[in-house]
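Examining the three-dimensional arrangement
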Amino acid sequence: MTIMMVIQLLIVLLALYVGSRYGSLALGAISGIGLAILVFCFGLKPGVPPTDVIYIIIAAVTCAGVMQASGGMNWLIQIAERLLRKHPERITFYAPLCTFFLTVLVGTGHVVYTLMPIICDIALKKGIRPERPCAIASVASQVGITSSPIAAAVIAFTTISAQNGFNISIPQVLLVTIPASIIGILCASACSYKRGKDLDKDPDFQKRCANPETYKYMYDNTATVLDKKISADSKHAVYIFFTAIALIVMFAFSHIDIKMNIVIQIIMLATAALMIIFCKADPKKAVAGSVWQSGMVAVVAIYGIAWMADTYFSNYLTEMQTSLGDIVAKYKWSIAFVFFLVSILINSQGAVVVSMLPLAYSLGIPGPVLLGVLPSVYGYFFIPNYPSDIATVNFDRSGTTKIGKYLLNHSFMMPGLISVGVTTVVCYILSMIIY
């Protein structure tokens, strides 16, 4: 790499670092500053903004947001809570599976905010150290993104792969990522089953119990959504939403002349309209809901990050191929470490796929290999500054789920490394066998 390339790369990394300190929205906006410096100060040719992917994300997030506004999300959370309360002794295994499948169904891990207080409450009342189910449940909610048919990362992977000659449908991606993710989550759950001291032997927890006010705070409140009445319209909205997902899967297996990114946009927007018309979903509530807001923030982040990254890599593609070609040719799977490291920095699996996958293809890495390492785009548990992890720490009234004194010795590190590591290895093996 030349000195100029290194300087410009440092500008890209600095923009990502500064942006990550202010949240996802700022990450996208500050990436725009990095893009401006590359184009106007260094004269690089502007890259191509990821408009196709962004259009799909907007349509999918709008649809999921309208379903949340209809009350359908509460029904899904109720179903999960009934399962967890029926088997509280198995919560370390069932809780992460619930958060995983909720993400798979809705396309965003932010649905964990409603379920996490319930997980904490059930574990605490059962005498189980809440850190055990809570940490892996938070991680599992993010692992589910690469297993969701409407998640930005999956949509971006199929769209960019098709542009690079690897024609793979969303169901074919999920055929690999879903079983791999479940295996990875179960392995992390098993390692979390006896993690840390039991509550009756934990001096820090016993000290909290000795304080009457703290004891009352921990035990006198019950987090639940079972007391919420679910209307028929809310249930109908869920049925319509699932029908839309089934239609997308059906079209993915059929041979039609319309590109799948267009099919997804049409179905998602039409589904949102049907829920508004027939299920009394309030559009204002959809816009104010956590799903729609987090999705729109992700759009801005992906927009800025991917455009800046494409500008840099597209201008130095030949140099990248020369410097990295030999390593990648010998160890194709090593791109997983690149994905993981970039994810730690930019806190978005969709943004990692959109910004790094074109480079990976340009380096000659085959599509099946890239599918195999797709789960490695989740690495932002490594530094515990992601909203769902921070929220989990706050939801755990027992104080056992925490961020360590030295930052990296936090509750999410062990389950994150195990689940992502095992999931990536299994996904790679399955991808090599199937494709």
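Residues numbered from 1 in each chain as written. Predicted model: local features only at pLDDT ≥ 70, side-chain atom pairs only at ≥ 80, totals over all residues. Heavy atoms only, no water.

1. Focus on the packing of helix α8 (residues 152-163) against helix α9 (residues 170-192)
Quick reminder of the rule: Geometry is summarised by axes, namely lines fitted to C-alpha atoms with helices restricted to the contacting stretch, and by angles between N-to-C directions that run from 0 to 180 degrees. Helix and strand assignments come from DSSP, with helices taken as H or I runs of at least 4 residues and strands as E runs of at least 2, each series counted from the N terminus. Here is the rule for angles: anything less than 35 degrees is roughly parallel, anything more than 145 is roughly antiparallel, 65 through 115 is roughly perpendicular, and the remaining ranges are oblique. Note: crossing handedness is left-handed where the near helix turns anticlockwise from the far helix by less than a right angle, and right-handed where it turns clockwise. The criterion used for residue contact is that any of the two residues' heavy atoms lie within 4.5 Å. Residue type decides the class: Asp, Glu, Lys and Arg count as charged, Ala, Val, Leu, Ile, Met, Phe, Trp, Tyr, Cys and Pro as nonpolar, and the leftover types, Gly among them, as polar.
Axis separation between α8 and α9 bottoms out at 10 Å; the angle between their running directions is 120°. Taken as axis vectors, α8 and α9 run oblique relative to one another. For the pair α8 and α9, the sense of crossing is right-handed. Here Val154, Ile155, Phe157 and Thr158 of α8 lie close against α9, whose contacting residues are Ile170, Val173 and Leu174. Looking at the contact of α8 with α9, its residues break down into 6 nonpolar, 1 polar and no charged.

2. Comments concerning the nonpolar core
To keep things clear, this is the line we draw: To qualify as a nonpolar core, a set must consist of buried Ala, Val, Leu, Ile, Met, Phe, Trp, Tyr and Cys residues joined through side-chain atoms within 4.5 Å. The buried label applies to any residue whose accessible area, calculated with a 1.4 Å probe on protein chains only, is under 20% of its type's maximum; exposed applies above 50%, and partly exposed to all values in between.
Ranked by size, the top nonpolar core spans 138 residues in total, and within it Leu115, Ile119, Phe157, Met268, Phe339 and Leu370 carry the most contacts. Beyond its immediate sequence surroundings of up to four residues, isoleucine 119 is in contact with Leu84, Ile91, Ala95, Thr99, Pro133, Cys134 and Ala137. Counting 5 residues, the second-largest nonpolar core is a separate cluster that includes Leu124, Leu199, Cys209 and Met218.

3. Examining the side chain of threonine 159
Keep this limit in mind: Definition of a polar contact: a pair of N or O atoms within 3.5 Å, with one able to donate and the other able to accept a hydrogen when the atoms are protein atoms, and with sequence-neighbouring residues admitted only if both atoms are side-chain atoms.
Tracing the chain through its elements places threonine 159 in helix α8. For threonine 159, the side chain forms a polar contact with the main-chain oxygen of isoleucine 155, separated by 2.8 Å.

4. As for the packing of helix α4 (residues 72-86) against helix α12 (residues 232-253)
Put simply, α4 and α12 touch, their axes get as near as 7 Å, and they point 90° apart. The angle between α4 and α12 falls in the class roughly perpendicular. Counted together, Gly72, Trp75 and Leu76 of α4 and Ser234, Lys235, Val238, Tyr239 and Phe242 of α12 form the full contact between these two elements.

5. So, the pattern of salt bridges
Heads up, the rule is: In what follows, salt bridge is the name for a side-chain nitrogen of Lys or Arg lying within 4 Å of a carboxyl oxygen of Asp or Glu.
Scanning all chains against the criterion turns up 10 salt bridges. Arginine 132 is paired through a salt bridge with aspartate 198; the nearest N and O atoms lie 2.8 Å apart. Here arginine 132 is found in helix α7 (residues 131-143), whereas its partner aspartate 198 is found in the loop between α9 and α10 (203-210), with 66 residues between them in sequence. By relative accessible area, arginine 132 is classed as buried at 5%. One connected set of salt bridges, linked through shared partners, spans Glu81, Arg85, Asp121, Lys125 and Arg397.

6. Some remarks on the environment of alanine 272
Along the chain, alanine 272 falls in helix α13 (residues 260-278). Judged by relative accessible area, which is 4%, alanine 272 ranks as buried. Expressed as a C-alpha distance, the spacing of alanine 272 and alanine 244, which sit 28 residues apart in the sequence, is 9.7 Å. Other than its neighbours up to four places away in sequence, alanine 272 contacts Thr62, Cys63 and Val66.

7. As for empty space enclosed by the protein
As a reminder of what qualifies: In this analysis, the protein atoms alone were mapped onto a 1 Å grid. Cavities are point sets where a 1.4 Å probe fits without being able to get out; pockets are open sets with protein on both sides within 12 Å along at least five of seven lines; lining residues have an atom within 4 Å of a point. Grid points are joined across faces, edges and corners, and a volume is the space filled by probe spheres set on the points.
What the rule picks out here adds up to 1 cavity of 30 Å³ or more. Of the voids in this model, the largest cavity is the one considered here, and its volume is about 40 Å³. Along the walls of the largest cavity sit Gln142, Val143, Thr146, Ser181, Gln349, Pro375, Tyr378 and Thr423, which together make up its complete lining.

8. A word on α4
Note the following rule: What a helix should span is 1.5 Å times the count of its residues minus one.
Given a rise of 1.5 Å per residue, 15 residues ought to cover 21 Å, and the 22 Å separating the end C-alpha atoms of α4 matches this to within 8%. Looking only at α4, the buried set comprises Gly72, Met73, Trp75, Leu76, Ile77, Gln78, Ala80, Glu81 and Leu84. Tucked inside the fold, the buried residues of α4 contact α3 (51-70), α5 (91-106), α6 (112-126), α12 and α15 (290-315).

9. Brief notes about the environment of arginine 129
Inspection of the secondary structure puts arginine 129 in the loop between α6 and α7. Overall, arginine 129 belongs to the buried group, its relative accessible area being 7%. Here the alpha-carbon distance between arginine 129 and histidine 110, two residues 19 residues apart in the chain, equals 23 Å. Beyond its immediate sequence surroundings of up to four residues, arginine 129 is in contact with Arg195, Gly196, Lys197, Leu199, Asp202 and Thr400.

10. Digging into the side chain of threonine 103
Take threonine 103: it is sitting in helix α5. Of the residues examined, threonine 103 reaches a relative accessible area of 0% and is grouped as buried. Residues in contact with threonine 103, not counting those within four places in the same chain, are Thr108, Gly109, Val111, Ser141, Gly144, Ile145 and Ser148.

11. Focus on a nonpolar patch on the surface
Heads up, the condition is: Note on patches: the residues involved have over 30% relative accessible area and no salt bridge, like charges join within 9 Å, and the nonpolar side chains Val, Leu, Ile, Met, Phe, Trp and Tyr join within 5 Å. We get accessible surface area from the Shrake-Rupley algorithm with a probe of 1.4 Å; when it comes to residues, only the shown protein chains can shield them.
Judged by side-chain polarity, Leu175, Val425, Ile429, Ile433, Ile434 and Tyr435 come together as a nonpolar surface patch covering roughly 560 Å² of accessible area. No other element matches helix α21 (residues 413-434), which puts 4 residues into the nonpolar patch. If you trace the backbone, isoleucine 429 turns up in helix α21. Look at isoleucine 429 and you get partly exposed, because its relative accessible area is 44%.

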